[in-house]
Amino acid sequence: LGHSAQLIVNEKNILHRPENVDPELASGYPAWIKDFSDISRQDYICGSTTLVPVLRVLETADALVLNDLGPSLLGFVPRPAISFLTGSDLSSLANFDFLGKLTANWSQSFEGSAANKFYLQRWTEFIERQRVGIKESVQVSHFPRGLLPDNDQILDSIGVPDDRRIHLFMADSEIDRRPRQHRGASFVDLLCGSRLTWRRPDARFSELDFKGTDHLLCGLAAYVRQSDIPVRLTLFEKGHHIVETKALVNELGISGVIDWLPELSRQEYDERMLQADVVIDQLDKSVIGMVALDAMQAGIPVLANARPEIWNAYLEEAPPISHAFNADTVCAQLKK
């Protein structure tokens, strides 16, 4: 469209780096990708002078798209901006209640110390900068009102009106949308791309984190008992409840139809996804994400909690998702 774009990389984790999408970038970035991942998160929290090189890049821009810690920098670089909020950048980094979770595991000897006061003050100031950056953004991309009530409350407390809230879906438009090939397999290939984080209660996580793997497994167990059409389900060893998931698989007696894979690169995941007959996203009270969106982009049927009570009011037509939210609806949709 004639615009010059630059990307700032601020994470060491491979899942947040461009080479996870394009492995060729591992040998070096082009000039438009700036790698500032050596700057620690603590430097952002404390407002360290190590941020100056980042600010120098930002101030050359005509407009900004800010994610993760990015909104906290808008006060230093006043530009037209979109805050592109996808999770913890709002629920934790812009939420004063997060201070309670942050300090919950600090030792009693640390409480009341000078270091304690220092960290609390730095974190309080950072959260305020993050909130100001969100408030000053021209548009704020986040999930539609009603999907995550706690996050709605945070945005309301920041002062973001509904007419400045939008939601930008993400999907890889370059995924190969080939006609489905008959694999000659003797079973229906189910692939669950969601993290295995599902066991409640767990104060560490927000509603976005819980993916409803227990609903999937209990529904699958019921389906296996009731249907003659064989299926296999692939799960990934990724998430906070891997051990609990394997225990539930054994308890339900379905280990014979479960295949396990380690965490894959993005490219490896896409290759595996394109082999699947059905892709499964979250089945709890979270939201559909790139697992579902990329599968739909590739023309693969999706099973998920589509949250139609919210989404259908925002979309021109209902999305082509087989809607399920508990064991019974999972079983019914698999039969269908």
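See the structure above.
**Q** I'd love a proper account of the sheet that holds strand β5 (residues 139-141), names of residues and values included.
**A** Reading across the sheet, the 4 strands line up as β3-β4-β5-β6 and stay open at both edges, with parallel pairing between neighbours. Edge positions in the sheet fall to β3 (64-66) and β6 (165-166), since each has one partner strand and no second. By the bridge criterion, 3 bridges tie β3 to strand β4 (residues 81-84) in an arrangement that is parallel. Of the residues in β4, the one forming a bridge with L64 is A81.

**Q** Give me the pairing of β4: which residues, what numbers.
**A** Alignment of β4 against β5, held across 3 bridges, turns out to be parallel. Across the sheet, F84 pairs through a bridge with S141, a residue of β5.

**Q** Could you give me a rundown of the pattern of salt bridges, with the residues and numbers involved?
**A** Inspection of the entire model under this criterion finds 19 salt bridges. The salt bridge involving D38 is made with K12; its shortest N-O contact spans 2.6 Å. Here the residue D38 occupies a position in the loop between β2 (33-35) and α1 (41-46), and K12 occupies one in the loop between β1 (7-9) and β2, the gap between them amounting to 26 residues. For D156, the salt bridge goes to R145, with nearest N and O atoms at 2.8 Å. Linking D156 in helix α6 (residues 149-158) with R145 in the loop between β5 and α6, this pair joins segments that are 11 residues apart in sequence. Among the ionic contacts, a cluster of salt bridges with common partners joins D172, R266, D270 and D294.

Conventions we followed
Residues numbered from 1 in each chain as written. Predicted model: local features only at pLDDT ≥ 70, side-chain atom pairs only at ≥ 80, totals over all residues. Heavy atoms only, no water. Pairing = 2+ DSSP bridges. Helix = DSSP H or I, 4+ residues; strand = E, 2+ residues; numbered from the N terminus. Salt bridge = Lys/Arg side-chain N within 4 Å of Asp/Glu carboxyl O.

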